[in-house]
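Reading the structure
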Amino acid sequence: MFSDKRSKRVVLVAHCILNHNARIDTCAYFPGAMPEIVEAIMEAGVGIVQMPCPELQCLGLDRRGRIVDGEDIGIREALLGKERACTEKLARLVVRDVTEYQKQGFEVVGVIGNDGSPACGVDYTHYLGTGYEPGTGGFMVVLQEEFKKAGIDLPFVATLDHEWDERLPRIKELVAKKK
Ligand code: SF4
């Protein structure tokens, strides 16, 4: 089955790697996709699975006001708190994709998040009150929990907006075909 031109290799990427239009106001670093990251994945012959943007889906596109005005809910805190059901629903959609690909013998090479994000940071995130610190974003926390429940074990790496070039080797390593 599926013995056509496809590589049967896919990678899961944070939504905004393909679409910075989903970013919170003032935080888009590219007009659209992050070109070098997309090129690196394409060159490796790996399909790009765009995960949903949890902030867009659970908090809306104009979510900046939720941080600076009135009630300061914090994005990471909201995704793990009052919007947790929404976060879990999105994470389960990703689990479903992974399960389907793996069931059919495809290789899911891993997850590429976005460090610094309160949602999609892997090793570095943003907390209400203390700001940027080492840690994992709310969506990635829930995704890792849902993966664990489903018996899925995948490596997580991350890009970083202003240091995307320094992160590129790790991304190339992730998508490279293992011998
Ligand atoms: S880092 Fe995650 S939450 Fe933030 S814009 Fe990108 S996909 Fe959306």
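To keep things clear, this report deals only with the structure shown in the data block.

Counting its regular elements, the chain contains eight helices and six strands. Along the chain, helices (α) and strands (β) appear in the sequence β-α-α-β-α-α-α-α-β-β-β-α-β-α when read from the amino end. Here the chain has a C-alpha radius of gyration of 16 Å; the compact-globule value for 179 residues is 16 Å, and the two agree. Sorting the 179 residues of the chain into buried and exposed places 47% on the buried side. In the chain, the proportion of contacts linking residues at least 24 apart, taken out of those at least 6 apart, comes to 65%. Taking the 23 positively charged and 27 negatively charged side chains of the chain as two groups, their mean positions are separated by 8 Å.

Approximately 600 Å³ is the volume found for the largest pocket. Every residue lining the largest pocket is counted, 36 residues in all, and those nearest its centre are C27, G116, S117, P118 and Y132. Counting only elements with at least two residues in the lining of the largest pocket, the list comes to helix 1 (15–18), helix 3 (54–59), helix 4 (65–68), helix 5 (75–80) and strand 4 (124–127). Partitioning the lining of the largest pocket into residue classes produces 19 nonpolar, eight polar and nine charged.

This brings us to the site of the ligand. The local shell around the ligand consists of H15, C16, R23, C53, P54, E55, R63, N114, S117, A119 and C120. Listed by contribution, the elements that provide at least two residues to the shell around the ligand are helix 1 and helix 3. A per-class count over the shell around the ligand returns five nonpolar, three polar and three charged.

On the surface, E36, E39, E43, D165 and E166 cluster together into a negatively charged patch. Those elements that provide at least two residues to the negative patch are helix 2 (35–43) and helix 8 (164–175). When residues of the negative patch are assigned to their parent elements, the largest contribution, three residues, is made by helix 2. With respect to the element layout, E36 can be found in helix 2.

The next thing to look at is the pattern of salt bridges. Inspection of the entire model under this criterion finds twelve salt bridges. Linking E88 and R84 is a salt bridge whose minimum nitrogen-to-oxygen distance equals 2.9 Å. Note that E88 and R84 are positioned in helix 6 (residues 84–103) at a spacing of four residues, about one turn of the helix. Put simply, E146 and R92 hold a salt bridge, and the shortest N to O gap is 3.4 Å.

Moving on, we get to the packing of aromatic side chains. One pass over the structure, following the stated rule, counts four aromatic pairs. Note on Y124 and Y132: the rings are 6.1 Å apart at their centroids and 25° apart in plane angle, and the pair reads as stacked. Given the relative accessible area of 31%, Y124 is considered partly exposed. Taken together, the ring pairs connect F2, Y101 and F106 into an aromatic cluster.

Listed in full, the buried residues belonging to helix 2 are I37, V38, A40 and I41. One face of helix 2 carries all of its buried residues, which in axial projection span an arc of 160°. In this structure, helix 2 carries M42 and E43 as exposed residues pointing more than 90 degrees from its buried face. Where helix 2 is buried, its residues meet strand 1 (9–13), helix 1, strand 2 (47–50), strand 3 (107–114), strand 6 (156–159) and helix 8. Count one or two residues on from helix 2 and you reach G45, which has phi positive near 70°.

Calculation criteria
Residues numbered from 1 in each chain as written. Predicted model: local features only at pLDDT ≥ 70, side-chain atom pairs only at ≥ 80, totals over all residues. Heavy atoms only, no water. Helix = DSSP H or I, 4+ residues; strand = E, 2+ residues; numbered from the N terminus. Rg over C-alpha atoms; globule rule 2.2 N^0.38 Å. Buried < 20%, exposed > 50% of the residue type's maximum accessible area, 1.4 Å probe, protein only. Contact = heavy atoms within 4.5 Å. Lys, Arg positive; Asp, Glu negative; His and termini not counted. Charge placed at Lys NZ, Arg CZ, Asp CG, Glu CD. 1 Å grid on protein atoms, 1.4 Å probe; cavity = no way out; pocket = protein on both sides within 12 Å on 5 of 7 lines; lining within 4 Å. Points joined across faces, edges and corners; volume = space filled by probe spheres on them. Nonpolar A, V, L, I, M, F, W, Y, C, P; charged D, E, K, R; others polar. Near = heavy atom within 4 Å. Patch = residues over 30% accessible without salt bridge, like charges linked within 9 Å, V, L, I, M, F, W, Y side chains within 5 Å. Areas by Shrake-Rupley, 256 points an atom, 1.4 Å probe, with all protein chains shown as cover. Salt bridge = Lys/Arg side-chain N within 4 Å of Asp/Glu carboxyl O. Phe/Tyr/Trp six-rings, centres within 6.5 Å; stacked < 30°, edge-to-face > 60°. Arc of directions from axis to C-beta.

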